[in-house]
Structures are given as structure tokens and as C-alpha cells.
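Each chain, letter by letter, is given below.
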Amino acid sequence: MRSLANSPPPPPDDDEVYLAAVEGGGTTFVVSIARVVRHRGDDDEDDIGRRPTTGSLSIGPARLQILDTATLPPRDDMTGRVESWTPARIVGATCSFLVESRARHVPGGRRLSAVGVATFGPAGVDPASGDGSYGRILPGSPKREWRGVDLLAPIAEACGIPPSSSSSGGDG
């Protein structure tokens, strides 16, 4: 795991927005936690007087500051190879990373504002389906070992997002 934060997180602010992103391929997952930093005006400092750091991306009137990111399983530095992990191990490591990063980077370890999950499929994307498929890899996936794996519920829980808000994206 590699942290891109150059300084400790700022004191809590009701306006602060912290996000998680999970990109799930069948071999590796890339997981990140970021903070949305509001621009104050024409200067290059964020709302608490810090200059932008590496790992940030400007989006309109805000900047997304990547606080922590990891690729799971990690690539072996010597061989460049990626070890094959089971779905349970990848999802577990993803959740552990999110919990640990939240504790390190989010003031008070409070819940994240939102999480985005991009994955191979097919995946259940309809929260109103009523058949329990929402957030899961569907039975038609060519990746047999992933069929039926629930991605959304454990990831949302690791982000501190209550189950009632994982389908709506709201504060539930």
C-alpha cells in the first residue's frame, strides 16, 4: 500500500467530503480513498491553506486529493507477477484497506460520503430488483469463482455507509 498524503488530515469540517473508489478486475482490485478539496478563489491553496500535492485532480471548482491507494493483490517487486487470490481474499483485503485508510485519513474515522464500485460483470446494478442480486456478480459471469460474490455490501460496510444508503447513495 502506498499513501499519497503529505500531512495529517485537517480537523473535522461538516463540509468535508471523503470518497472511496474500487475498480475490480478479475485479477486485481485498485482501491483508493480521496478527499474533495474546495477551491477558495484564484489562488492555488485549498480551503485550509495547503498547496496541491501530487495525487490530486481538479474537477471544476474542486480538487480531488487522493489520500491512499492500493492494488490488491500487489505486484511482486522482483518478478512483476501478481499472485492469484480467491474472491474472498480480494474482497477481504479491499475491505481491510478501506477500514484502515478511513481510520488513518478521515477525521474521527467517520463514514465516507460515498463509494463507487466499477467491476467486470455481469453485475447486479438495480437496487429495486428485489431478488438479492444488487451489488453481486451475477450467475452469467465467465469468471465462475466470482459468481454470486457480494461486492457492494462488504465494501459499503467498510466505508461506514449504512446498508440503507448503499442503494440510494444518500445519507440514509
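Bear in mind the structure is a predicted one, so any value in this text is a computation, not a measurement.

## Some words on the overall build of the protein
Part 1 of the reasoning: A tally of regular secondary structure across the protein gives three helices and six strands.
Part 2 of the reasoning: Residues classed as buried in the protein amount to 35% of the 172 residues present.
Part 3 of the reasoning: The contacts of the protein with a sequence gap of at least 6 include a subset with a gap of at least 24, amounting to 58%.
Part 4 of the reasoning: Just so you have it, the protein exposes about 9,400 Å², and 54% of that area is on carbon and sulfur atoms.

## Some words on the confidence of the model for the protein
Part 1 of the reasoning: In this model, the protein carries a mean pLDDT of 81, and residues with pLDDT of at least 70 account for 73%.
Part 2 of the reasoning: For residues 1-12, every residue scores under 50 in pLDDT, and the model assigns this stretch 31 contacts once sequence neighbours within four places are set aside.
Part 3 of the reasoning: Contacts for the low-pLDDT stretch residues 167-172, under 50 throughout, to residues beyond four places or in other chains number seven contacts.

## Brief notes about the pairing of strand β3 (residues 29-38)
Part 1 of the reasoning: Counting buried positions along β3 gives seven out of ten residues, so the element sits mostly inside the fold.
Part 2 of the reasoning: Here eight bridges tie strand β2 (residues 17-24) to β3, and the two strands are oriented antiparallel to one another. The residue of β3 that forms the bridge with Tyr18 is Arg35.
Part 3 of the reasoning: Where β2 folds back onto β3 in an antiparallel hairpin, the turn is made up of four residues.
Part 4 of the reasoning: Two elements, β3 and strand β5 (residues 62-72), share ten bridges in a ladder whose sense is antiparallel. Looking across to β5, one finds that Ala34 is bridged to Ile66.

Criteria and cut-off values
Along each chain, residue indices are assigned from 1 in the same order as the chain's sequence is written. Only residues with pLDDT of at least 70 are given local features in this predicted model, and only at 80 or more are side-chain atom pairs given and counted; all residues enter the totals for whole chains, interfaces and linings. Values shown for side chains rest on all heavy atoms present in the structure; no hydrogens or waters enter the calculation. Helix and strand labels come from DSSP, where a helix needs a run of H or I of at least four residues and a strand needs a run of E of at least two; each type is numbered from the N terminus. Exposure is judged per residue with a 1.4 Å probe applied to protein chains only, and the accessible area is read against the type maximum: over 50% gives exposed, under 20% gives buried, and values in between give partly exposed. In this analysis, two residues are considered to be in contact whenever any of their non-hydrogen atoms come within 4.5 Å of each other. To be clear on the numbers: accessible area is Shrake-Rupley with a 1.4 Å probe, and residue cover counts the displayed protein chains and nothing else. Every residue carries a pLDDT, the predictor's confidence in it, which falls somewhere between 0 and 100. Two strands pair under a simple rule: DSSP has to find at least two bridges between them.

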